[in-house]
Amino acid sequence: MTEVKREVFGQMPQEEGGGVVEKFVLKSDSVKVEILSLGCIIAALEMKGRDGEFSDVVLGFDTLEGYTRKHPFFGTIVGRVANRIAKGRFTVDGKEYQLFLNNGPNSLHGGARGFDKVLWSPRVLQNGICFFRLSPDGEEGYPGDLKVWVTYTLSGGELAINYRAQTSKTTPINLTNHAYFNLAGQGSPDIYDHEISIEADSYLPVDDTKIPTGEVASVLGTSFDLRQPVELGKHLEKFRLDGFDHNFCLQQAQARHLAARVHHPPTGRAMEVHTTQPGVQFYTGNNLDSSLKGKGAIAYPKHSAFCLETQNWPDAINKPHFPNALLRPGEEYNHTTWLVFNTA
């Protein structure tokens, strides 16, 4: 049985429209997750360790104010297009579109005011919550009225996130959740003692602005070969890496497939990521720098969390040989990611 509760979390500043932000608490016997109507944010996720104690394993803030200030997409849904679009430019049906550039020369995670910074309309379900919004034609430079539904459902130790969308004009779309995890408990100083594996035979090399070069490279014999579990700290040291911020290419099948596993031996906490998406962006919090104070006023330093953002490949709209990035009128975008939490 999943219990669903709702409460008021805060009120948006007047300049942001002043709407009420609600918090929804989904609780099973092994997982408790708190989700906000602002940006469909996963604000907390508590899971058991080997000792049976619950601990919050996602980074975030105690109050709404933290989320209304600039932050690196903690727990948010990102869209209309997650990840980077080269030069913020793409062409659909012969028409060129120019987006706001918010990541050096590129557009990142939907632009200046993406899906992460807006209020969504909630509908409580028996075992979860469905959020809806209409992204109007021209919002952040994207074509078409886009209806979007993001549904979180909790069943035992499994949190499912389903993304659906319909459009009035052909548009690029790529939706994901940007939760930052630390299985030792949020606020722990690093993730070096985590063991990770990613089910990918290839990855996308990037240029110095993090745009894929277009090559689909084999992981064999490289630091990107994570098909067998590696201890993250030792792995970064061995290959002298600053961290990961790369797309790993998963099997291209609409059916559910395993993307990644993470295990934290000291606590026994483990998570698996399953998805219908063709890629997962593995990010090791390289840009966290202790300047942000999170829950309990704890600073979040570099490498104090990881993200596994299931999604289409970055800049797919400008790479014809990458998986299709376009949604056309009459079609439905429909993807699901399952986060499975347990102890091992």
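Worth saying up front: this structure is predicted, and the values here are computed from it rather than measured. (Residues numbered from 1 in each chain as written. Predicted model: local features only at pLDDT ≥ 70, side-chain atom pairs only at ≥ 80, totals over all residues. Heavy atoms only, no water.)

J.: I'd like a description of the pattern of salt bridges, backed by residues and values.
T.: Applying the stated criterion across every chain, the model contains 22 salt bridges. It is possible to trace a salt-bridge network through shared partners that takes in Glu7, Lys23, Lys32 and Glu34. (Salt bridge = Lys/Arg side-chain N within 4 Å of Asp/Glu carboxyl O.)

J.: Describe the layout of surface pockets, and please don't skip the residues or the numbers.
T.: Quantified by volume, the largest pocket comes out at close to 790 Å³. For the lining of the largest pocket, a count of residues per class yields 14 nonpolar, eleven polar and ten charged. As a volume, the second largest pocket reaches approximately 320 Å³. What lines the second largest pocket is a set of 18 residues, and nearest its centre among them are Gln254, Gln277, Pro278, Asn324 and His335. (1 Å grid on protein atoms, 1.4 Å probe; cavity = no way out; pocket = protein on both sides within 12 Å on 5 of 7 lines; lining within 4 Å. Points joined across faces, edges and corners; volume = space filled by probe spheres on them. Nonpolar A, V, L, I, M, F, W, Y, C, P; charged D, E, K, R; others polar.)

J.: Could you give an account of unusual backbone geometry, naming the residues involved and the relevant values?
T.: Residue Arg80 follows Gly79 across a cis peptide bond; omega there is 10 degrees. Note that Arg80 resides in the loop between strand S6 (77-78) and strand S7 (84-85). Here the phi dihedral of Asn83 falls at roughly 70 degrees; this positive angle occurs in a residue that is not glycine. Following the sequence through the fold, Asn83 ends up in the loop between S6 and S7. Using a relative accessible area of 1% as the deciding quantity, one classes Asn83 as buried. One non-glycine residue, Lys210, lies in the positive phi region at around 70 degrees. (Helix = DSSP H or I, 4+ residues; strand = E, 2+ residues; numbered from the N terminus. Buried < 20%, exposed > 50% of the residue type's maximum accessible area, 1.4 Å probe, protein only.)

J.: Got a sec to walk through the side chain of His109? Specific residues and values, please.
T.: Along the chain, His109 turns up in the loop between strand S10 (107-108) and strand S11 (121-124). Judged by its relative accessible area of 5%, His109 falls in the buried class. Within the structure, the side chain of His109 is placed 2.9 Å from the backbone nitrogen of Asn83, a separation counted as a polar contact. Of the polar contacts made by the side chain of His109, one reaches the side chain of His178; its length is 3.3 Å. (Polar contact = N/O pair within 3.5 Å; in protein donor to acceptor, adjacent residues only side chain to side chain.)

J.: Any details on the UniProt feature "active site" (unreviewed entry) in the chain? Residues and values, ideally.
T.: Summarizing the sequence annotation, UniProt attributes the feature "active site" (unreviewed entry) to His178 and Glu309 in the numbering used throughout. A maximum C-alpha distance of 6.0 Å places the annotated residues, which cover 132 residues in sequence, within one compact spot. Among the annotated residues just listed, those that line the largest pocket are His178 and Glu309. Within the secondary structure, His178 sits in the loop between strand S16 (176-177) and strand S17 (195-198). Residues within four places of His178 in sequence aside, it is in contact with Pro72, Phe73, Phe74, Gly75, Thr76, His109, Tyr283, Cys307 and Glu309. Mapped onto the fold, Glu309 is located in strand S25 (residues 307-311). On the basis of relative accessible area, Glu309 is assigned to the buried category, the value being 3%. (UniProt positions renumbered as here; feature names shortened; annotations may be inferred. Contact = heavy atoms within 4.5 Å.)

J.: Please provide a residue-by-residue account of the sheet that holds strand S12 (residues 128-135), values included.
T.: Strand order in the open sheet formed by nine strands is S11-S12-S13-S14-S27-S23-S22-S17-S20, with antiparallel pairing between adjacent strands. At either margin of the open sheet sits one strand with a lone partner, and together these are S11 and strand S20 (230-231). Pairing of S17 with strand S22 (residues 257-264) involves four bridges; the strand directions are antiparallel. Among the inter-strand pairings, Glu195 is bridged to a residue of S22, identified as His263. (Pairing = 2+ DSSP bridges.)

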